[in-house]
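Per-entry structural report
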Amino acid sequence: MAVAKRPIIHPVDKYLRTERLPHVWCPGCGIGITLHAFMRAVKELEDEGRIDSSKILFVSGIGCTGRAAGYVNFDGAHTPHGRAIPYAMGAKLARPDLIPVVFSGDGDLVGIGGNHFIHAARRNMDVLVILVNNMIYALTGGQVAPTTPKGTYTTTTPFGNPDRPINAVKIAAAAGANYIARWAVTHPELLKNSIKKALPMEGFRLIEVVSICPEIFGRHIGFRAPIELYRRLQKVVKIRGKISPFEATYDWEKEIILGEFQVRNEPGYTRVLMEAFKHG
Amino acid sequence: MAVAKRPIIHPVDKYLRTERLPHVWCPGCGIGITLHAFMRAVKELEDEGRIDSSKILFVSGIGCTGRAAGYVNFDGAHTPHGRAIPYAMGAKLARPDLIPVVFSGDGDLVGIGGNHFIHAARRNMDVLVILVNNMIYALTGGQVAPTTPKGTYTTTTPFGNPDRPINAVKIAAAAGANYIARWAVTHPELLKNSIKKALPMEGFRLIEVVSICPEIFGRHIGFRAPIELYRRLQKVVKIRGKISPFEATYDWEKEIILGEFQVRNEPGYTRVLMEAFKHG
Amino acid sequence: MSREADIGFLNSNHAAAEGALTAGVNFYAGYPITPASDLFEYLARKMPKQGGVIIQTEDEIAAINAIIGASWAGAKAMTATSGPGFSLMAESIGFAAMVEAPIVIIDDMRTGPSTGVATATGQGDVMQARWLSHGHYGIVALAPFSAQEAYDLTIKAFNIAERLRVPVVLLMDYVLVHTREKVRLKKPPEVEVWSRKKPRVPPEEYLPFKPDEDLVPPMATYGEGYRVFVESLVHDYRGYYVTRDDVYEELVKRLSDKITVNKHIVLDHVEYYTDDAEILFVAFGSTARSVLSIVRHARARGLKYGLFRPISIWPMDTDALLKAAENARKIIVVEMNYGQLFLEVDRVIKDKPVYLAPILTLDLPTPENILEVCRKWL
Amino acid sequence: MSREADIGFLNSNHAAAEGALTAGVNFYAGYPITPASDLFEYLARKMPKQGGVIIQTEDEIAAINAIIGASWAGAKAMTATSGPGFSLMAESIGFAAMVEAPIVIIDDMRTGPSTGVATATGQGDVMQARWLSHGHYGIVALAPFSAQEAYDLTIKAFNIAERLRVPVVLLMDYVLVHTREKVRLKKPPEVEVWSRKKPRVPPEEYLPFKPDEDLVPPMATYGEGYRVFVESLVHDYRGYYVTRDDVYEELVKRLSDKITVNKHIVLDHVEYYTDDAEILFVAFGSTARSVLSIVRHARARGLKYGLFRPISIWPMDTDALLKAAENARKIIVVEMNYGQLFLEVDRVIKDKPVYLAPILTLDLPTPENILEVCRKWL
Amino acid sequence: MVRHEILIAGRGGQGILLAGYILGLALVKSTDYYVVHSEAYSAETRGGDSRSEIVITTSEEEADYMKVSKASIAVFMYKEQLLKYKSKVSKDALVLADSTYITEDMLEKTWKKLLVPFSRIAEEQVGSIRVANMVMLGVFSAVTGLVSLDGLKAAVKESVKPGWIDINLKALDVGYNTGLKLKA
Amino acid sequence: MVRHEILIAGRGGQGILLAGYILGLALVKSTDYYVVHSEAYSAETRGGDSRSEIVITTSEEEADYMKVSKASIAVFMYKEQLLKYKSKVSKDALVLADSTYITEDMLEKTWKKLLVPFSRIAEEQVGSIRVANMVMLGVFSAVTGLVSLDGLKAAVKESVKPGWIDINLKALDVGYNTGLKLKA
Amino acid sequence: MPARHYKITIVANRCKECELCINICPKKILAKGDEYNAKGFRFTRVTRPEDCIGCRLCEHICPDFAIFVEPSEKPEEVIAR
Amino acid sequence: MPARHYKITIVANRCKECELCINICPKKILAKGDEYNAKGFRFTRVTRPEDCIGCRLCEHICPDFAIFVEPSEKPEEVIAR
Ligand SMILES: Cc1ncc(C[n+]2csc(CCOP(=O)(O)OP(=O)(O)O)c2C)c(N)n1
Ligand SMILES: Cc1ncc(C[n+]2csc(CCOP(=O)(O)OP(=O)(O)O)c2C)c(N)n1
Ligand code: SF4
Ligand code: SF4
Ligand code: SF4
Ligand code: SF4
Ligand code: SF4
Ligand code: SF4
Ligand SMILES: [Mg+2]
Ligand SMILES: [Mg+2]
């Protein structure tokens, strides 16, 4: 098998395995918007000489979002469902010059993978987690996610979701993350800026991205066209400056607060560990 | 094998499988103090006609604390490490008249079992979780726990624990528990009262009990005699009324705040689910 | 019930779900995974209306533990998953075996290993179904080859689980669960529905792990005053942890032996043209249908081919296999993996060659696909 | 190095830890569990001083994934656990096999199933070691029977993992890891230490999953410009997900075949008095030592007993076994479970009876314990 | 002994799976045939391939191999899938093709061909292109006689969402009448 | 061919495992014997049984069965364990017993018996009952000659925490001298 | 600096006809195309490139890396494949 | 109500000599015993039952269900096994 040539057209193409495009995501899927913002952040950082993209380790779990790892032209992995964080942690600790990014879905990261999420945050593990929250288990066809609004009819909750949705921002804060923000695909530029800020930091950084899944979640709630769901999302998100992560409401019916909720600079786990070992 | 007779001497003996006493716990172990408080709470509630102890389901995971399930004369189970909560959930939902109590260790509940913990809290699952926090993996001989104070020398952190400890109260609050309190074995009467209050409630209830493990944790930090560790604990705990769970500091060097941090009455998951199904 | 009403046009997921309902399932906990989600979703619509409880948990580990807890609370409990989720259940399937909780686990096999191909078929979990958990314990695995069998065997799975107090695995595959067929739904008394034995003595006299003669102990239910303690450690008849050789040996042997001594309610297989077969194929699940096609066409051409199709995979009816193989010159095991059922067949058949025909296609192999691999032995 | 300095008095956990250090381990992630914690603790004191990284994770699933990630980041990575933790690793051991990450997993077997007896011994994870994950993949398992072998075989385990890019399991048991013995520690060149093949082409030309003739692809390291993508789905030479039959078949066969074609670096066993043995015992691990005692005492009395002790359990050297069994009238497999290694021996030996001697004691069986079970065949 | 192998192929969104299901259900409920309907789709690329394979036999045993090896009847609703799957169709098969997207020259000479603009008919005569599948089934019923129009209608009523039943029934009628005319 | 099986038993806290380890280490480092030391304790009841089993052979092969089947030398530090494990001791074994807790009548007639108040000596002559195990090893060395006093001392230095080395060495000396006197 | 113009590039084979760019463009100059790409989607076209203000909202919203906007000498639409 | 006395019961075979009760008693009337129980622990004894104020701190702190206090006609120590 010969190595395929990789067409370069779009400004971020050099960071993409373009020979694999178009990607699998449905028309209007917010994962693409999020990944795009990430690419632009990396490009700007590298153009500014602030990052070396050959050190980026881009790890995903399983899900629609998880497919991202296969499209980006970084070192990376498509790990078992829910396990992206420990995989990235192992790689980072074994090779501290890596810049680990975990890019995965809500079900993957705070559903099945929730325990790794809180413990990585607790340790202040050096990883930027980009949580693409489309409020549903999309790849598997529309089952309830931990982020699904209460009452929603999904394929596994045909009588309405009885669970209250998780607020990943609060959980990360309770566990002790260094950086916590929530954005939405309605604000790709703010999202990119946030990624630009968080990527070079150390410690645990969470950026939750409220996304749109027109194909499945949109269908469930009756907003099938991408732009309809997009407008619906626009209506509910509010940007708020300087509020505590514990006040960052996540309520699809009332409001979903966007913003940067925590910016700390506690030393990252890798450094702490190496220090401890040095004095050992 | 004949059914052994069960000697009844002590006031709470009718709730104990007394033929198995003395239990395995070391002299001065705080698990016994905690279990004792639980027993007294049950006794008082049953004496007051507020509870039927034959409906209690007492589930533990694996650990020193986990052994509790084998001593109590209730329905119960000693489940795989970390899985007490989902086991109890299954039983409760299958048989809603049960009163599930999960009594287990810090490693079991917020180490390996952390994801079940946050999701049960998020669903407001009907279970009273008594988390016996001895700040160590005791049964396995003294490895670092998620609750171990930073810097502590343990068998797996011979150069000092690099991790920041988890604050289970904050995590439970971020996830949405109905009732949240933290007590310590230094205050068995307050602990008992809290259990008495929480046991008949619905939804997810967490009572964290800061315990003493003189045999292992005490040895690690140089407080080997039960009373020494007990006095050390007395020094650091402070009872505070009416503060937010997010302010309930957990810091072995500075202060560990005790108290009741959240008392809500949101409907329990069993009821919510049954309602949803009824209208389905 | 009219003729129409009891005929369904169902895939094997739906058929298994209907089988579970017929068997009296009233608790389901699961986590979505292709291709098992479909079964979950089918039951999610039906169970609540019949008073059952069905929930989606945070992962498969929670699901399996929830059904074990529910089982002890008196429910007929089940879950369904596929390879990755089945693997996650490994530890707690051993727990279920140890505490003798009747549960049914459906494993819709897809292409592995690891994430593999979620939307393609495979039969790679055969050995896993028997051996995925640590330590030694007994387990039953059944494999249907049609939607009708998915229905019938799910009922059988519940019956075995309840009667022997063992976890029972139903091994289905991606092709079966994406194929609809005519299914005749049944009702008692046409179909037998069993429930676990309950204690026949008052709580004071009850020893929860003391077996009857059939090696199966009667099972109390939580909340009914028996104050029963379910212990994952090695335990005596009371359920108490003891570290005595005799107790351990008796317990661990019993966990396996209760299946052996009651094998008449477990063993199951079908033979096609085996009487005088010179070439005996062994195959199961959807693959067996392609093999059956080969055999039928061969017979039409006068070739003495036969097929032995195990339905109970663990344990397999090895006596019947030996008998079916009596006249055969060669045995060919056809399976969609790289040699698993083959190992057991090869072990049992001592006196003639046993060949493995591994079929590693993503879709159901055609008879031609299979013949291509087998040609060298025919 | 003085004679004293390179002699240790170590249990098999410590010996394995020393073996790992000799082999160059520089990443360890683990979760405490009896009786494996001891190994972790030993390394926790030693590794940081030698520039290695060792961490305790929130569970075994995190541990196994961390070592796979570390392995791809260039580390020689390992973990150690016991049954319950091993079970939890099931899914991700298949992942390691699929993405061909060299890793070593030590399973200190204790009494099972489920929580069993944490402080007692067993050999119940033999089949599990081979089959715990879904789908079909290859894996290697080695079983030492002394501290010296624990040391030597851990080095071998790393070498196999690195050379074949497979997960390698070291099956030890509770008795071994609680018993100290004289161990001679070695250094290169006395002992061979291998590392994975690295790419021999620049990043633009590198195909991360294109095998060499030995079926093993060279392995890039994260962070060195190869921009390598590690895919748990079925993938082509680039690591890209494709759903083509030919790609799937080639990949899945290769994951197993690379062990078979390189079996000369894997297969290992020891024979005792097999030349003219009429009764051939097969046993491994600490149990084999008790059996060896039987055999030696029998020989002293003129009885023609022999012992075949597999060291590589998966794959086992079946040719050697057949040869060793040539003169035997009977084969007796002695193991501390209810029949696991037995199944493989029984499969391989076609022409004479193979008996299972299941030893279900909590402590190491004495020769007398074993003889008692075997008496009927002697 | 009878074994009909029917292949219906098109692209995602054309209702190929539903058509197969309705056909299968109608056969199961209104005939004595044994029926196997397998679905195949590339979950990977939404809007990609979609395939229904239906095997019809007189007895369960005969339905051994569950899929289509050589279709005796084939329906192609889109050109890409025609090209992809035509090798699965036997030389002398009856082939229905949606002439909205497929031209005669794309079809094999040896086939018994029937080109009908299912999609255009659905759009123009029934009011929605989404029921092209039902137009096709109506034609299928009239042309093959394997299943009755009533059988198909009963199956639609049993399985289609209430709001969609009428238009589907109408499409069946339109297709059936078109089919009758073609046969005549 | 030589195979010595040594059993040391007592209750948790008496340093049984350490005694076995020091003895084994000393043998490994200062002799050519092959040595196997296995630990056994009831993790369940802290302060319960504790047992060291040491097998000494001239070659590795001879150390096949790793544990003690019939001890040729046994040491009992507490009465409960004496009663529990005396069946593991051969008829003609050399048996050392801590006479602080054990009286002669508890011992088998056939044994070569040596009653020494290890614990009392440790408390009174060394200053801590916790080094009774080392007093015992000193006696053991003097009486059996299997291992030298220097070998034991080197082993103690290699493995005991710095602050504890001196008192352990002293205990060894005291024990050794006691042993010499008994032998004389 | 003189007022600039913009070149809008459509990577035709990547576009999935989601219409987000069309809806988001403040100048409403993007429209659904007539031509089908390799995957059967009618890729976006630019109606009045000269009205483009270079805000790049279209570029940033595009989930498919299928449209981008660059300053240019003259207003321009480019179709790349 | 007249001043009451208390009966203090020690369940001898359960006591593990942890001394928590001894330390916690505000009246300092509990002490380490001399007698060994079945497990080899010297169980707690009561030195001056008449000084007991019935606060039950000893009972509640005991991890072993080995001591309890009841109102009684006369001050009393009871050893149960
Ligand atoms: C262990 C395991 N369980 C279940 C699955 C099936 N599965 C694949 S993706 C997924 C959830 C996807 O949801 P999310 O993480 O939110 O990603 P999305 O598809 O919504 O982007 C599930 C349950 C799996 N692959 N592995
Ligand atoms: C899957 C699994 N991993 C590890 C273990 C070993 N193990 C038993 S208890 C325990 C931790 C105990 O700590 P904690 O929950 O805090 O209880 P404690 O003993 O401190 O009361 C561990 C790791 C196990 N039994 N199962
Ligand atoms: S299903 Fe939803 S999340 Fe998945 S690709 Fe389609 S739109 Fe995106
Ligand atoms: S080890 Fe610690 S927690 Fe365990 S019983 Fe002893 S004192 Fe209690
Ligand atoms: S850059 Fe702005 S104005 Fe120009 S086409 Fe894009 S969205 Fe419209
Ligand atoms: S946003 Fe991108 S994919 Fe969507 S229509 Fe515009 S160019 Fe096409
Ligand atoms: S009740 Fe109070 S005063 Fe009386 S013995 Fe107990 S602690 Fe002391
Ligand atoms: S607190 Fe209980 S166990 Fe401890 S000394 Fe007092 S009576 Fe004994
Ligand atoms: Mg999602
Ligand atoms: Mg603990």
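Criteria and cut-off values
- Residues numbered from 1 in each chain as written.
- Chains lettered and ligands numbered in written order.
- Predicted model: local features only at pLDDT ≥ 70, side-chain atom pairs only at ≥ 80, totals over all residues.
- Heavy atoms only, no water.
- Helix = DSSP H or I, 4+ residues; strand = E, 2+ residues; numbered from the N terminus.
- Buried < 20%, exposed > 50% of the residue type's maximum accessible area, 1.4 Å probe, protein only.
- Contact = heavy atoms within 4.5 Å.
- Donors = N, O, S within 2.8 Å, 3.2 Å for Na, K, Ca; no water.
- Buried area = accessible area lost by both parts, 1.4 Å probe.
- Salt bridge = Lys/Arg side-chain N within 4 Å of Asp/Glu carboxyl O.
- Nonpolar A, V, L, I, M, F, W, Y, C, P; charged D, E, K, R; others polar.
- Least-squares fit on C-alpha atoms with pLDDT ≥ 70 in both.
- Pairing = 2+ DSSP bridges.
- Axes fitted to C-alpha atoms, helices over the stretch in contact; angles between N-to-C directions.
- Near = heavy atom within 4 Å.
- Polar contact = N/O pair within 3.5 Å; in protein donor to acceptor, adjacent residues only side chain to side chain.
- Expected span 1.5 Å × (residues − 1).
- Parallel < 35°, antiparallel > 145°, perpendicular 65-115°, else oblique.
- Left-handed = near helix turned anticlockwise from the far one by under 90°.
- Areas by Shrake-Rupley, 256 points an atom, 1.4 Å probe, with all protein chains shown as cover.

1. Quick look at the overall build of chain G
Assigned secondary structure in chain G consists of two helices and five strands. For chain G, the sequential pattern of α-helices and β-strands runs β-α-β-β-α-β-β. Projected onto its principal axes, the C-alpha coordinates of chain G cover approximately 40 × 20 × 20 Å. Looking at chain G residue by residue over its 81 residues, the buried ones come to 52%. Put simply, of all contacts in chain G between residues at least 6 apart along the chain, 65% involve residues at least 24 apart.

2. Examining the coordination of the magnesium ion (ligand 9)
Residue and element names in this part refer to chain A. Within the protein, Asp 106 (OD), Asn 134 (OD1) and Ile 136 (O) serve as the donor atoms for the magnesium ion (ligand 9), at 2.0 to 2.2 Å. The motif formed by the donor residues of the magnesium ion (ligand 9), counted along the single chain, is D-x27-N-x1-I. In this pair, Asp 106 is assigned in helix 3 (residues 106-112) and Ile 136 in the loop between strand 4 (127-133) and helix 5 (168-175), connecting sequence segments 30 residues apart. The burial state of Asp 106 is the same as that of Ile 136; both residues are buried.

3. Comments concerning the interface of chain C and chain D
Interface size is often expressed as the accessible area that is lost when the parts come together. Taken together, the contact pairs 57 residues of chain C with 57 residues of chain D. Carbon and sulfur atoms make up 62% of the area that chain C and chain D hide from each other, which totals about 5200 Å². Its largest share of buried area at the contact with chain D, chain C owes to His 134, Tyr 338 and Leu 360 of chain C, together 14% of the area lost on that side. Connecting chain C to chain D are four salt bridges. Those elements that place two or more of their residues in the side of chain C that touches chain D are helix 4 (83-88), helix 5 (90-98), strand 6 (117-121), helix 6 (126-131), helix 9 (245-261) and helix 12 (341-348) of chain C. Across the side of chain C that touches chain D, the residue classes break down as 24 nonpolar, 22 polar and eleven charged.

4. Points about the arrangement of the chains
Most contacts, compared over the 16 pairs of chains touching, are made between chains C and D. Nowhere do chain C and chain G come into contact; their C-alpha atoms are at least 21 Å apart. Looking at chain G next to chain H, you find no contact at all, with the nearest C-alpha pair sitting 62 Å apart.

5. Considering unusual backbone geometry
The linkage connecting Trp 314 of chain C with the following residue, Pro 315 of chain C, adopts the cis geometry, with an omega of -10°. For Pro 315 of chain C, the position within the fold is in the loop between strand 14 (312-314) and helix 11 (318-324). In this model, Thr 34 of chain D is joined to Pro 35 of chain D through a cis peptide bond whose omega is 5°. If you trace the backbone, Pro 35 of chain D turns up in the loop between strand 2 (27-30) and helix 2 (37-46). One non-glycine residue, Asn 124 of chain A, adopts positive backbone phi at about 60°. Mapped onto the elements of the fold, Asn 124 of chain A is located in the loop between helix 4 (114-123) and strand 4. Judged by relative accessible area, Asn 124 of chain A falls into the buried class, the value being 1%.

6. Brief notes about the relation of the copies chain C and chain D
Put simply, the second copy of the chain is the first one after a rotation about an axis and a shift along it. Take chain C, turn it by 180°, move it 0.0 Å along the axis, and it overlays chain D with an RMSD of 0.0 Å. Given the turn and translation reported, the copies of this chain are related as if by a two-fold rotation axis. The fraction of interface residues of chain C whose copies in chain D are also interface residues reaches 100%, indicating that both copies meet through the same surface.

7. Focus: the sheet that holds strand 6 (residues 204-210) of chain B
The nine strands are arranged 7(B)-8(B)-5(B)-6(B)-4(B)-3(B)-1(B)-2(B)-10(C) in an open sheet whose pairing can be described as mixed. The open sheet has two free edges, formed respectively by strand 7 (237-239) of chain B together with strand 10 (229-231) of chain C, since each of these has just one partner strand. Shown here is a sheet whose adjacent strand axes are inclined to one another by a mean of 20°, direction ignored. Examined bridge by bridge, strand 1 (residues 56-60) of chain B and strand 2 (residues 75-78) of chain B share four bridges and lie parallel to one another. If you follow Leu 57 of chain B over to strand 2 of chain B, its bridge partner there is Asp 75 of chain B.

8. Describing the sheet that holds strand 4 (residues 67-72) of chain H
Residue and element names in this part refer to chain H. One open sheet accounts for three strands, arranged 4-1-5; its pairing is mixed. The sheet is open, and its two edges are formed by strand 4 and strand 5 (76-80), each paired on a single side. Ignoring which end each strand starts from, the neighbouring axes of this sheet average 25° apart. Of the pairings in the sheet, the one linking strand 1 (residues 5-11) to strand 4 comprises six bridges and is antiparallel in character. In the strand pairing of strand 4, Thr 9 is matched with Phe 68.

9. Regarding the site of ligand 2
For ligand 2, the set of nearby residues contains 23 residues, the closest of which are Cys 64, Thr 65, Asp 106 and Asp 108 of chain B together with Glu 60 of chain D. Ligand 2 sits at a junction of chains, with neighbouring residues supplied by chains B, C and D. Between Ala 138 of chain B and ligand 2, the recorded distance is 3.1 Å, taken from a backbone N or O atom to an oxygen atom. Measuring from an oxygen atom of ligand 2, one finds a backbone N or O atom of Leu 139 of chain B at 2.9 Å. When residues of the shell around ligand 2 are traced back to their parent elements, those giving at least two are helix 3 (106-112) of chain B together with helix 4 (83-88) of chain D. Tallied by class, the residues present in the shell around ligand 2 amount to eleven nonpolar, eight polar and four charged.

10. Describing helix 3 (residues 60-72) of chain C
All names here are of chain C. The terminal C-alpha atoms of helix 3 lie 19 Å apart, and with 13 residues this matches the ideal 18 Å at 1.5 Å per residue to within 8%. Within helix 3, 13 of the 13 residues are buried, leaving the element largely enclosed by the surrounding structure. A distance of 3.1 Å separates the backbone nitrogen of Ile 61 from a side-chain oxygen at the start of helix 3, and that oxygen is part of Asp 59. Gly 74, located one to two residues past helix 3, shows a positive phi value of around 105°.

11. A short note on the packing of helix 3 (residues 118-126) of chain E against helix 6 (residues 162-183) of chain E
Residue and element names in this part refer to chain E. One way to put it is that helix 3 packs onto helix 6 with a least axis distance of 10 Å and a crossing angle of 120°. With respect to helix 6, the element helix 3 is oriented oblique. Where helix 3 crosses over helix 6, the handedness of that crossing is right-handed. Note on element contacts: helix 6 touches helix 3 through Ile 167, Lys 170, Ala 171, Val 174 and Thr 178, opposite Ile 121, Gln 125 and Val 126. In terms of residue class, the contact of helix 3 with helix 6 is made up of five nonpolar, two polar and one charged.

12. Comments concerning the site of ligand 1
In the neighbourhood of ligand 1, 23 residues make up the surrounding shell, with Cys 64, Thr 65, Asp 106 and Asp 108 of chain A together with Glu 60 of chain C lying closest. This site is not confined to one chain, since residues near ligand 1 come from chains A, C and D. Within the backbone of Ala 138 of chain A, a nitrogen or oxygen atom sits 3.1 Å from an oxygen atom of ligand 1. Contacts to ligand 1 include Leu 139 of chain A, whose backbone N or O atom sits 2.9 Å from an oxygen atom. Contact with the protein chains hides 99% of the accessible area of ligand 1, taken as 580 Å² for the molecule alone. Secondary structure elements with two or more residues in the shell around ligand 1: helix 3 of chain A together with helix 4 of chain C. Of the residues in the shell around ligand 1, the class split is eleven nonpolar, eight polar and four charged.

Any functional reading would require information beyond the geometric quantities listed.
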